[in-house]
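# Survey of secondary and tertiary structure
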Amino acid sequence: MNKSLFTLVKQSRTDNNSLKIVIDLFSPKIHRSLQQTKKQFREDLSQELKIKIVDCTRNYDVDKTPGYFQMLDLLERKGMQNYDEEDKEL
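All chains use their own residue numbering, which begins from 1 and follows the written sequence. Only residues with pLDDT of at least 70 are given local features in this predicted model, and only at 80 or more are side-chain atom pairs given and counted; all residues enter the totals for whole chains, interfaces and linings. Neither water nor hydrogens contribute to the side-chain values; these are computed over all heavy atoms in the structure.

### Looking at the side chain of S12
By the element assignment, S12 lies in the loop between α1 (5-11) and α2 (16-34). Should any heavy atoms of two residues lie within 4.5 Å, those residues are counted as being in contact. Setting aside chain neighbours within four positions, we find S12 in contact with S18, L19, T57 and R58. We count a stretch as a helix when DSSP gives it H or I for four or more residues in a row; a strand needs E for two or more, and each element gets its number in order from the N terminus.

Okay, structure coming up:
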C-alpha cells in the first residue's frame, strides 16, 4: 500500500520503518544533488543530509499544517493576493 508523505511523516514519530521510507523517498534527490560535489565529500554529505531529514521529520508537527482553504484564508488575512486577482489586473 502506498502511503502519502504526509502520513509517513506523521507515523515516523513512533515508527522507524516509516522514517526509513521517508529517507528512501528523498534518496534519489540526495544522490542527484551529491553529483555537484567532490567525490571525497559525498559520503559525509549524504549522511548529514539524511540526519537533517530525520531531524526535520521527527520535529515537524503535521497537525499544525494548514489545509488548502485554511492557507488561502491565512494569505488573505495577511493581505496577500492570489494569482487569479493578479491575472485580472493584467
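### Describing the side chain of T57
Inspection of the secondary structure puts T57 in helix α3 (residues 39-59). Setting aside chain neighbours within four positions, we find T57 in contact with V9, S12, L19 and V22.

### Considerations on the packing of aromatic side chains
Aromatic pairs are defined between Phe, Tyr and Trp rings, using the six-membered ring for Trp, whenever the two ring centres lie within 6.5 Å; interplanar angles under 30 degrees are classed as stacked, those over 60 as edge-to-face, and all others as tilted. Summed over the entire model, instances satisfying the criterion amount to 1 aromatic pair. Arranged with centres 5.1 Å apart and planes meeting at 80°, the rings of Y68 and F69 form a pair that is edge-to-face. By relative accessible area, which is 60% here, Y68 ends up exposed. Each residue is placed in one exposure class: buried if its accessible area under a 1.4 Å probe, protein chains only, is under 20% of its type's maximum, exposed if it is over 50%, and partly exposed if it falls in between. In this structure F69 comes out as exposed when scored by relative accessible area, which is 62%.

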